[in-house]
Amino acid sequence: MTVATMLSEIETIGADRSRGGHSRPGYSRVDRELREWFVAHAQRRGLDVQRDRNGIVWAWWRPAGATGPAIVTGSHLDSVPGGGAYDGPLGVASALVAFDELRAEESALERPVAIGVFPEEEGSRFGVACLGSRLLSGAIARDRALALRDGEGDSFADVARRDGLDPELVGRDDAQLSQIGAFVELHVEQGRGLVDLDRPVAIASSILGHGRWRVVVQGQGNHAGTTLMGDRRDPLVAAAAMILAIRDLARATPDARATVGRIEPTPGGTNVIASAVSFWIDLRHPDDLVTAELVARTRDLVASLAAAEGCRATMHEESLSPTVDFDGGLRARLRSALPTAPELGTGAGHDAGVLAARIPTAMLFVRNPTGVSHSPDELVEDADAEAGAAALARVWGALARVPRSAPITGADLE
Ligand code: GLV
Ligand code: MN
Ligand code: MN
């Protein structure tokens, strides 16, 4: 089976007619349908499928004689609102196709292998990016996670319970982590690096540090016709000034990226001055100290621009991920398996980045001819998808063949 055929099987799941593309929130009905598709494929291949207490689905294969922690690949199936078809699912479909190749090497494998599918990687539902891998690795505390609320006001505790999980058992899971010797995530490239290099596949070098903040601006709701311009405390006007100031701050800071892609006025009527506005800032920079400085300056801007409109504002961190330089020894092993692949950094966040704090992780990127992502315009050509799956099979097999007596990574490999 090809990667393209696999992805065609799920193209209607979560298709969003109003936004275009796909809307696949984590821990949702759509998420469950996608999960069932994965489980059916994994079980057909004889993999041992388990859903762990955080909702991560693992499909294990333990060839005779293979012992110790597994070499794991995988990605996510959730999406941003109106997202593309490849961000996440490409890594899952490629894992299944790569597994079909790996199976032929059964007798040579020294280590078990597995595929992991992580929930809510985009954080589109509960605001926290990579929620599944954060829970698994302990990067978010259970109580904080359970109290998160989605756009409908439902708590993560209730949503998790409805999705078949026990909220009391959600959280850091060292036993599960100890079964993973290394994690390699294949992902569509989300920029133009491979297009410019004219190559189908790259090895990841780093992930840009990134975070999210929710700003709430409170003003005075009122009538659009009877309230004189000088008498207004309009939080949308304050938010507009803040959005421009944040853009200007990022423009003035080399290598910074700042985005406001979501804004929600309350109550949201054409002839109503809003009483409050929430908007979300996504801020990224390679140097975590610069990120901290940008956040501090943004807080000051938010406070002063709110006051200038007679409003009050709060700014609350939803998630923060430091810059990640992928494990040097593991990258060296990937370079040996794929000697002609270039190495590229990325500005996008990934579960492999969160897990890097606890286990050796690595990534492969597959060319995206549009260079566009988090949009229906994201694309992967069929031939590149196959090249990606073949590269993943090579890397996966090479790691699983590393003798059990040898470390999978280490400074001496670099
Ligand atoms: C996820 O793709 C992110 O970078 O926000
Ligand atoms: Mn994404
Ligand atoms: Mn992704």
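Please read these numbers as outputs of a predicted model, since none were measured by experiment.

**Regarding the coordination of the manganese ion (ligand 2)**
At step 1: Every protein donor of the manganese ion (ligand 2) is listed here as Asp 87 (OD), Glu 122 (OE), Glu 122 (OE) and His 374 (NE2), and their distances to the metal cover 2.1 to 2.7 Å.
At step 2: Of note, the donors binding the manganese ion (ligand 2) are all from one chain and are spaced D-x34-E-x251-H.
At step 3: A separation of 3.6 Å is found between the manganese ion (ligand 2) and the manganese ion (ligand 3), which share Asp 87 as a coordinating residue. Note that Asp 87 is positioned in the loop between strand E3 (70-76) and helix H3 (89-102) and Glu 122 in the loop between strand E4 (113-118) and helix H4 (131-137), a separation of 35 residues in sequence.
At step 4: A relative accessible area of 5% means that Asp 87 is categorised as buried.

**Examining the packing of aromatic side chains**
At step 1: Tallying each qualifying case throughout the model produces seven aromatic pairs.
At step 2: A centroid spacing of 5.8 Å and a plane angle of 25° characterise the contact between Trp 58 and Trp 60, whose relative ring orientation is stacked.
At step 3: A residue is classified by how much of its surface remains accessible, and Trp 58, at 0% relative accessible area, is buried.
At step 4: For Trp 60, a relative accessible area of 2% corresponds to the buried category.
At step 5: Counting every residue linked through ring pairs, the aromatic cluster contains Trp 58, Trp 60, Phe 118 and Phe 183.
At step 6: In this structure, Arg 262 is placed above the aromatic ring of Trp 280, and the distance from its NZ or CZ to the ring centre is 3.6 Å.

**Here we look at the environment of Ser 178**
At step 1: Note that Ser 178 resides in the loop between helix H7 (174-177) and strand E5 (180-188).
At step 2: On a C-alpha basis, the gap between Ser 178 and Ala 15 in space is 36 Å, while along the polypeptide they are 163 residues apart.
At step 3: Reaching out from Ser 178, the side chain makes a polar contact with the backbone oxygen of Ala 175 at a distance of 2.7 Å.

**Some remarks on the sheet that holds strand E9 (residues 257-266)**
At step 1: The four strands lie next to each other as E9-E11-E7-E12, forming an open sheet whose pairing is antiparallel. Lying at the two open borders of the sheet, with one neighbouring strand each, are E9 and strand E12 (312-321). Strand-to-strand twist in this sheet, taken as the mean axis angle between neighbours without regard to direction, amounts to 15°.
At step 2: Summarising the sheet, strand E7 (residues 209-218) and E12 pair through nine bridges and their orientation is antiparallel. Within E12, the residue paired with Trp 213 across the bridge is Glu 317.

**With respect to unusual backbone geometry**
At step 1: Residue Pro 267 follows Thr 266 across a cis peptide bond; omega there is 5°.
At step 2: Within the fold, Pro 267 resides in the loop between E9 and strand E10 (272-273).
At step 3: Residue Asp 198 is not a glycine yet carries a positive backbone phi of 60°.
At step 4: Topologically, Asp 198 is positioned in the loop between helix H8 (193-197) and strand E6 (201-207).
At step 5: Given the relative accessible area of 59%, Asp 198 is considered exposed.
At step 6: One non-glycine residue, His 374, lies in positive phi territory at about 55°.

About the cut-offs
Residues numbered from 1 in each chain as written. Chains lettered and ligands numbered in written order. Predicted model: local features only at pLDDT ≥ 70, side-chain atom pairs only at ≥ 80, totals over all residues. Heavy atoms only, no water. Donors = N, O, S within 2.8 Å, 3.2 Å for Na, K, Ca; no water. Helix = DSSP H or I, 4+ residues; strand = E, 2+ residues; numbered from the N terminus. Buried < 20%, exposed > 50% of the residue type's maximum accessible area, 1.4 Å probe, protein only. Phe/Tyr/Trp six-rings, centres within 6.5 Å; stacked < 30°, edge-to-face > 60°. Lys NZ or Arg CZ within 6 Å of the ring centre and 35° of its normal. Polar contact = N/O pair within 3.5 Å; in protein donor to acceptor, adjacent residues only side chain to side chain. Pairing = 2+ DSSP bridges. Axes fitted to C-alpha atoms, helices over the stretch in contact; angles between N-to-C directions.

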